[in-house]
Amino acid sequence: MGKMIKICGLTHRNHVVQCIREGVDLMGVVFAPQSHRYMGDSLDEVKVMATLTREKGFERTDELWGSLPQIFGVFLKGSSSLEEEAKKINATVSDCGLHGAQLFGYSAEDYEAMKKHLEQVPTVIFSVSVSSAADVQKLAVPVDPRVKAVCIDNKMDAAASASGCAEGGTGKAFDWTWLEAVDPAILQRRKEGKLHIALAGGVTADNAASAAKISCVDVVDVSSGCEINKKKDGRLIRKLTRTVRGKIPSYFGRFGGQFIPEILMPNLIELEEKYFELQADDAFQAEVLKWNEEFTGRPTLLYYAERLTKQTGGAHIWLKREDLCHGGAHKINNGIGQALVARALGKKRIIAETGAGQHGVATATVCALFELDGTVYMGEKDTQRQRLNVLRMESMGTKVVPATSGARTLNAAVNEAFRDWAANPASSHYLIGSVVGPHPFPTIVRDFQGVISQEARQQFMDQNGGKLPDMVVACCGGGSNCIGAFDSFVNDPDVELVGVEAGGDGLELHSATLTHGTTGWLHGARTKLLQTTDGQVMDTHSISAGLDYPAVGPEHAYLLDSGRARYVMCTDQQALDGFKLLAKSEGVLPALETAHAVYKGVELAKSMPKDKHIIICLSGRGDKDMETIGKALGFDL
């Protein structure tokens, strides 16, 4: 299965969620009191972390390790007797539901004396510290089926040793050429599939590629190398895993995958390989940044809604102003990115789907900008309620094709777009607009939309003395703006994430997939969707065309499944109330999709103390919806 990745020093359940969504194989929680990552006083949290690992990860199998992912307790040799320490390790692993123990500072002889007291420890990672090639050459590793790996780390220097941490956890690299001196007997055990070699100490996202290329290394073990200011950083974990693995994970926990016609597999393979190459290419990222700044108008504002906050009487309300993007919505973030990917693939024709028309407008925009032939499929019902956006698309030279099947909304448009791509796989790129569809689309769209939270997180910290918000709220249909608003906050322990789904009439007619849906397969991915007991996709309803979709991106399904995010409903009438509230308090006309987040965000703010802060993602502006809003409010248009 290639090189494995272990992230050590996790201190919160959200770190586990981040590791699982990035495809990490092994994780570690530290029980050494000397460490700032010590979890011995937080056993309830460790139990939650273990449960998430066992029950919410994407299960895969390795011949040596068995089912993955796994989570280990990391223990440093202390001053008690070996029997006492072994019994304590045994109890901790068993009580917390961990997969095993990683032992630092113990000799092979120590382990022989301890192992009879480790009956509840099914797997052991045996860690050793080295300061020379000679140390590597004379490594002594216990011969026990439970010892699945030897982890080779740098030995502490004198100052660190004097501080009480004599072994392991150095955060500094040793000379990796020393690994050439590994005892042939250990290499033979490795060849027989009985032992893995893990490399630790000084591995970072920047040098992980070199570590992964060492022929005898099976596991890259990282702790401080994915931290900023001694805190785990989600973007560093992502960079590290992609660097070591050489590909992008295809699942988010139990959701995602590729369930598509065989004729499209070559396209998806080509797309994944090219995107993986481009996402690590500094020149490509610089070009994306250039267009985002000079054309889209990024960074967008993080605006403090002072009047809305006073009117609400609760938490401070901030608006991430994606409505100020060129085109009037966040969709251009993904449009520019994927258009540049299509150009790199040599594809001259773009296919897209759209509901509210904002992704269609973004697609038409980039097709004009980069001289591409564009075709956008749009539900026939949506072409009528979003006539202005149809005109905008056609004015930029893009062909708009009404989709007439089913409910004649976004689901029908996606179906037609996939049919077109299946018929024209060689010449066309499907510029999918949300975090839905088969791998790698959910990740690609998430990566391009992630700029929303990347900016918002830094902007909020800059304006609030380095603090983070208490909550982030965004509307969620397929989920592109929502995952973009969440992405950089997923790893943060104290930031609550809330997605707002379309509640329709509040009774039977709605599009609340995560609230009422079940697990199934739609448009190439395993996710949550609204379906009958026979597995047939149900018709949906929302006053907002962009939320009128019977499924959701697989990453949202995982965030719900893991408990990292929660999702609530907002009815059509409440969304109209949210539109009026923001318009009258701040002079901002939100899109109907966005108005769902506004209404629920305000309701949540009312229930929070006045010293708390909430960011609402203002995903789009309401120009496109004025006809629908006017009719709903009784205006004669």
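Residues numbered from 1 in each chain as written. Predicted model: local features only at pLDDT ≥ 70, side-chain atom pairs only at ≥ 80, totals over all residues. Heavy atoms only, no water.

Visitor: How should I be thinking about the overall build of the protein in this particular structure?
Guide: Check the secondary structure of the protein and you find 25 helices and 26 strands. Taking 637 residues into account, the globule formula puts the C-alpha radius of gyration at 26 Å, and the protein, at 26 Å, falls close to it. Classification of the 637 residues of the protein by burial places 61% in the buried group. For the protein, long-range pairs separated by at least 24 residues make up 72% of all intrachain contacts whose partners lie at least 6 apart in sequence. Summed over all atoms, the accessible surface of the protein reaches about 24,100 Å², with 50% contributed by carbon and sulfur. (Helix = DSSP H or I, 4+ residues; strand = E, 2+ residues; numbered from the N terminus. Rg over C-alpha atoms; globule rule 2.2 N^0.38 Å. Buried < 20%, exposed > 50% of the residue type's maximum accessible area, 1.4 Å probe, protein only. Contact = heavy atoms within 4.5 Å. Areas by Shrake-Rupley, 256 points an atom, 1.4 Å probe, with all protein chains shown as cover.)

Visitor: What am I meant to see in the packing of aromatic side chains here?
Guide: Aromatic rings considered in pairs are described by the distance between their centres and by the relative angle of their planes. Using the criterion set out here, one finds 15 aromatic pairs in the structure. When the ring of F418 is compared with that of Y430, the centres are 5.1 Å apart and the planes differ by 90 degrees; the resulting orientation is edge-to-face. With F418 in helix α17 (residues 410-423) and Y430 in strand β20 (residues 428-430), this pair connects stretches of sequence that are 12 residues apart. The class for F418 is buried, based on a relative accessible area of 11%. The class of Y430 is buried, set by a relative accessible area of 0%. When the centroid spacing of 6.0 Å and the interplanar angle of 65 degrees are considered together, the rings of W421 and Y430 count as edge-to-face. (Phe/Tyr/Trp six-rings, centres within 6.5 Å; stacked < 30°, edge-to-face > 60°.)

Visitor: What is the right way to look at the side chain of N292 in this model?
Guide: Tracing the chain through its elements places N292 in helix α11 (residues 282-296). Classification of N292 as buried rests on a relative accessible area of 7%.

Visitor: Can you help me understand the sheet that holds strand β1 (residues 4-7) in this one?
Guide: Whether parallel or antiparallel, the strands of a sheet pair through hydrogen bonds between backbone atoms. Strand order in this closed barrel of eight strands is β1-β2-β5-β6-β7-β8-β9-β10, and the pairing throughout is parallel. Here the average twist between neighbouring strands, direction ignored, is 25 degrees. Relative to strand β9 (residues 196-199), strand β8 (residues 147-154) is paired through four bridges, and the arrangement is parallel. Looking at β9, one finds that I152 is bridged to L199. (Pairing = 2+ DSSP bridges. Axes fitted to C-alpha atoms, helices over the stretch in contact; angles between N-to-C directions.)

Visitor: What's the story with empty space enclosed by the protein in this structure? I'm lost.
Guide: Left-over empty space is what a probe sized like a water molecule reveals as it rolls over the atoms. Taken as a whole and assessed by the stated rule, the structure comprises four cavities of 30 Å³ or more. In this structure, the largest cavity encloses a volume near 340 Å³. Counting only elements with at least two residues in the lining of the largest cavity, the list comes to β17 (349-354), α14 (358-369), α17, α20 (480-486) and α24 (592-606). Element by element, the count of residues in the lining of the largest cavity is highest for α20, at three residues. The computed volume of the second largest cavity comes to approximately 50 Å³. Elements supplying a minimum of two residues to the lining of the second largest cavity: α13 (331-345) and α14. (1 Å grid on protein atoms, 1.4 Å probe; cavity = no way out; pocket = protein on both sides within 12 Å on 5 of 7 lines; lining within 4 Å. Points joined across faces, edges and corners; volume = space filled by probe spheres on them.)

Visitor: Help me out: how do you make sense of the nonpolar core in this one?
Guide: Nonpolar side chains in soluble globular proteins tend to end up buried together. By size, the foremost hydrophobic cluster in this structure holds 137 residues, and its most contacted members are I89 and F486. With seven residues, the top contributor of residues to this core is α13. In this view, F486 contacts S453, V472, L497, V498, G499, H556, L559, A565 and Y567; residues no more than four positions away in its chain are not counted. A305, A575, L576 and L592 belong to the second-largest nonpolar core, a separate cluster that totals 32 residues. (Core = buried A, V, L, I, M, F, W, Y, C linked by side-chain atoms within 4.5 Å.)

Visitor: Help me out: how do you make sense of the pattern of salt bridges in this one?
Guide: Oppositely charged side chains can form a pair if their charged atoms are brought close together. For the structure on display, the rule yields 50 salt bridges. E627 is the partner of R387 in a salt bridge, and the nearest nitrogen-oxygen pair spans 2.3 Å. Within this pair, whereas R387 is found in helix α16 (residues 387-395), its partner E627 is found in helix α25 (residues 626-632), the two being separated by 240 residues in sequence. The partner of K612 in a salt bridge is D470, and the shortest N-O contact between them spans 3.9 Å. Note that K612 is positioned in the loop between α24 and β26 (613-618) and D470 in the loop between α19 (451-463) and β21 (471-475), a separation of 142 residues in sequence. Overlapping salt bridges bring together R21, E22, R235, R238, R242, R446, D447, D487 and E555 as one network. (Salt bridge = Lys/Arg side-chain N within 4 Å of Asp/Glu carboxyl O.)

Visitor: Whenever I open this one, the environment of A329 confuses me. Can you help?
Guide: One can find A329 in the loop between β16 (316-321) and α13. For A329, a relative accessible area of 5% puts it in the buried group. Separated by 106 residues in sequence, A329 and V435 place their C-alpha atoms 16 Å apart. Filtering out sequence-adjacent residues up to four positions away, A329 remains in contact with E322, Q358, S619 and G620.

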